Amino acid sequence: MKKIILLCPFLILTIGLWAQSNPVKIVFDITSKDEATHQATLRHVTMMSANYPDAEFEVVVYAGAYNMVLSENSIVSKEILQFEGNEKVSFVVCEATLKRHQIKPSQLLAGVKTVPDGILEIVTKQGEGWGYIKESHH
C-alpha cells in the first residue's frame, strides 16, 4: 500500500508534464447548414480556447455549412471575427464546396482560409494526432 501511495504523486507529476508537452489540438468538422449548429460550434470553440489557451483548434467548414463563413450570410460572423489574428484558432473552408456553390474567396469573412478538400484536411489533422469533433445539432 505504501508503494502505491508513493507512486501517486509521481503519476500525477508525469501526467501533468505530459499534458504540458503535448498541448491539445482539436479539429471541428462542420457540414450542417443548421444555424443552431453554427452557434453551438462557436460556443464550443470560444469556451475551449478560453479554458485551454495553449491548445490549437481548427474549424473545417464544408458541404452545407458554407454560409457560416460568408461575410453576407453568417449569423456567427462576430464570433468568428473575434479570432482573427489568433494563431491558435483557425477557420478553413473547402475550396470544392466554394466552387460547387460559385462562391469567391472574396465573399469569405476576414481571416477564413481555404483548403483544397475539407475531408482531406480533417483526415490529415487526425493523422497528425489532432482530436476530432463532429459538430451536429439534435
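Being a predicted model, the structure only gives us computed values, none of them experimental.

A. Examining the side chain of Glu-135 more closely. Position of Glu-135 relative to the elements: it lies in strand 5 (residues 131-135). There is no salt bridge for the buried Glu-135, and the closest opposite charge comes from Arg-43, which lies 7.7 Å off by N-O distance. For Glu-135, the side chain forms a polar contact with the side chain of His-44, separated by 2.7 Å. Not counting residues within four places of it along the chain, the set of residues in contact with Glu-135 comprises Phe-28, Asp-29, Ile-30, Thr-37, Ala-40, Thr-41 and His-44.

B. Representation of the pairing of strand 2 (residues 56-61) in the model. With respect to burial, strand 2 is a largely interior element, five of its six residues being buried. Two elements, strand 1 (residues 25-30) and strand 2, share six bridges in a ladder whose sense is parallel. Of the residues in strand 2, the one forming a bridge with Asp-29 is Val-60. Between the parallel pair strand 1 and strand 2, the chain is carried across by helix 2 (residues 35-51), and the sense of this crossover is right-handed.

C. Quick look at helix 5 (residues 118-127). Taken together, the buried positions of helix 5 are occupied by Gly-118, Glu-121, Ile-122 and Lys-125. When helix 5 is viewed along its axis, its buried side chains cluster within an angular range of 95 degrees and face the same direction. Facing away from the buried surface of helix 5 by more than 90 degrees, the exposed residues are Leu-120 and Gly-127. Along its buried surface, helix 5 packs onto strand 1, strand 2, strand 3 (89-94), strand 4 (113-115) and strand 5. The N-capping residue of helix 5, defined by a side-chain oxygen 3.0 Å from the backbone nitrogen of Ile-119, is Asp-117. Gly-129 occupies a position one or two residues after helix 5 and carries a positive phi of about 95 degrees.

D. The arrangement of the packing of aromatic side chains in detail. A full pass over the atoms with the stated rule returns two aromatic pairs. Between the aromatic rings of Phe-28 and Phe-57, the centroid separation amounts to 6.3 Å while the plane-to-plane angle is 40 degrees, which identifies the pairing as tilted. Placement of Phe-28 in strand 1 and of Phe-57 in strand 2 is noted, with a sequence separation of 29 residues between them. The exposure classification of Phe-28 matches that of Phe-57, with both residues buried. Ring geometry for Phe-83 and Phe-91: centres 6.0 Å apart, planes at 40 degrees, overall tilted. Residue classification places Phe-83 among the buried residues on the basis of a relative accessible area of 7%.

E. Highlighting the pattern of salt bridges. As enumerated under the stated definition, the model contains three salt bridges in all. Among the ionic pairs, Glu-56 bridges to Lys-25, the shortest N-O distance being 3.7 Å. A residue pair is termed long-range when its members are at least 10 positions apart, and Glu-56 in strand 2 and Lys-25 in strand 1 qualify at 31 residues. For Glu-56, a relative accessible area of 24% gives the class partly exposed.

Cut-offs applied
- Residues numbered from 1 in each chain as written.
- Predicted model: local features only at pLDDT ≥ 70, side-chain atom pairs only at ≥ 80, totals over all residues.
- Heavy atoms only, no water.
- Helix = DSSP H or I, 4+ residues; strand = E, 2+ residues; numbered from the N terminus.
- Buried < 20%, exposed > 50% of the residue type's maximum accessible area, 1.4 Å probe, protein only.
- Lys, Arg positive; Asp, Glu negative; His and termini not counted.
- Salt bridge = Lys/Arg side-chain N within 4 Å of Asp/Glu carboxyl O.
- Polar contact = N/O pair within 3.5 Å; in protein donor to acceptor, adjacent residues only side chain to side chain.
- Contact = heavy atoms within 4.5 Å.
- Pairing = 2+ DSSP bridges.
- Right-handed = clockwise from strand over helix to strand, strands pointing away.
- Arc of directions from axis to C-beta.
- Phe/Tyr/Trp six-rings, centres within 6.5 Å; stacked < 30°, edge-to-face > 60°.

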